[in-house]
Every structure is written in structure tokens, then in C-alpha cells.
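Letter by letter, the chains look like this.
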Amino acid sequence: MTMARTIDSANELRAALLRGESLAGVRVVGVDLTGASLAGADLRGVQLHDVTLTGANLSGARLEGALVQLCDLTDARLLRADLTDSRWLMTCLAGADLEAATLLRTMLPEAQLQRAKLHSAKLTSVVLSRAHANESSWHGAELEGAGCSEAALEGASFAGCRLLRCAMSQIRGRGSHWNDCDIQESSFDDADLRGANMRDTTLSLCNLGRADLRGAKLPKQLEKTVLTGVKLSDLAAAPTDE
């Protein structure tokens, strides 16, 4: 049985990338790539374990099918990166910039995404359950079939987002912003949305059953949206027409 190749130095990894070698199945272990420029790098199928990529530039990188485990990508740049079918386990992406990135069937359970930016990103069938994403920014992102149950989203901003068939059950979204969102066929049951701003949001065929909406600003129209058992004490009044 052939043993998987292991790379344990930054120079060896850079040399492999320069030679255009396929890194599919290659294990990169314990490498410090702080601030490294890996823009456009072909990292398809690579296995990154305990790799430090703090502040690294991975814009346009191809990470399809990659396994990223116990890595630190704090403040990394992943603009337009392709994360299709990749798995991110026990990995920190706090403050990372994933603008216009592609996340198709990407697995990010319990990911550290505090203050991360996902502007205009496309997230389809992504798993973000129990993610820690307080103060994250998702402006203009498109989420379809996303599983975000029990995610921490306090103070997060989803301005201009489109959510279709997303599971947002039991999210902790206190003080979150949903301005100009189009949310359809999504479930927010048992969610904590205290003080959330959804005033200019379109909610259609959604389930907010038992959600805590105290102090929240809701839109005037809730088309076929379930509100059974919601907590509405101190609910902010919907705007009235002058």
C-alpha cells in the first residue's frame, strides 16, 4: 500500500506549487505560512493539518475536495476561492475575507467565522451548523439549502442576501441585520432574534415558530409565514405609511 506523501516545510510546498504538481491526497502538516501569497494556488484535494495561514492570501485558490483540519486562517484572504466539496474541521476563519467565494457542499461545522466577510459569496448545500459567526458580514450572499442550525450569528449582517430553503433553527442571532433580504421557504424555529432588524425583509413561506422576536423589527407583510408560539413582547412596531 502506497503511503500518502507528506509535506512539512513551507519551501517544499512552494516548490511543489511552482512545479505545478498535483497535491491531491498530499498531507501538508505543521507548516507555518503566515502572510504567504498563495493566490490562485491549485490546492485541489490537499489535506492541510495544523497549518498556520494567518493573513495569507488565497484569493482565487482552488480548494475543491480539500480537507482543512486544525488550521488557523485568521484574517486570511479567500476572495473568489473555490471551496466546493471541501471540509473545514476545527479550523479558525475569524476575520477571513471570502468575498465572491464558491461554497458548494462545503462542510464548515462549528467553524470559527467571527467577523468574517462573505460578501456576494455563493453558498449551496453548505453545512454551517453550530458555527461561531458573531459580527460576520454576508452582504449580497446567496444561500440555498444551507444548514445553519444553532449557529452563533449575534450582530451579523445579512443585508441584501437571498436565502432559499435554509435551516436557521435555533440560531443565536440577537441584534442581527437582515435589511433588504429575500428569505423564502426557510426555517427560523426556536431562533433567538431579539433586537434583529428585519424591517425591509421579504419573508415568504418561512417558519418562525417559537422564535424569540422581542425587540425585533419585522416587515409589514409576512406571506404565509408561521409565527406559532413566538415571543413578541416588546416587539418593535412595523412602519406605517405616511
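Residues numbered from 1 in each chain as written. Predicted model: local features only at pLDDT ≥ 70, side-chain atom pairs only at ≥ 80, totals over all residues. Heavy atoms only, no water.

Examining helix 1 (residues 10-18)
The complete set of buried residues in helix 1 reads Ala10, Leu13 and Ala16. Seen from one end, helix 1 has its buried residues packed into an arc of 130°, which puts them on one side. Those residues of helix 1 that are exposed and angled more than 90 degrees off the buried face are Asn11 and Leu18. Buried-residue contacts for helix 1 involve strand 1 (6-7) and strand 2 (27-29). Positioned one or two residues after helix 1, glycine 20 has a phi angle of 75°, which is positive. (Buried < 20%, exposed > 50% of the residue type's maximum accessible area, 1.4 Å probe, protein only. Helix = DSSP H or I, 4+ residues; strand = E, 2+ residues; numbered from the N terminus. Arc of directions from axis to C-beta. Contact = heavy atoms within 4.5 Å.)

Structural notes on the confidence of the model for the chain
Scored by pLDDT, the chain has a mean of 91; 90% of the residues are at 70 or more. Note that residues 235-242 has pLDDT below 50 and, in this model, 16 contacts with residues that lie over four places away or in other chains. (pLDDT = per-residue confidence, 0-100.)

Side note on the packing of aromatic side chains
Within this structure, the stated rule accounts for three aromatic pairs. Between phenylalanine 158 and tryptophan 178 the ring centres are 4.2 Å apart and the planes differ by 0°, which places this aromatic pair in the stacked class. Of this pair, phenylalanine 158 sits in the loop between strand 8 (142-144) and strand 9 (162-164) while tryptophan 178 sits in the loop between strand 9 and strand 10 (182-184), placing them 20 residues apart in sequence. Of the two residues, phenylalanine 158 and tryptophan 178, both sit in the buried class. A connected cluster of aromatic rings, assembled from ring pairs, spans Trp138, Phe158, Trp178 and Phe188. (Phe/Tyr/Trp six-rings, centres within 6.5 Å; stacked < 30°, edge-to-face > 60°.)

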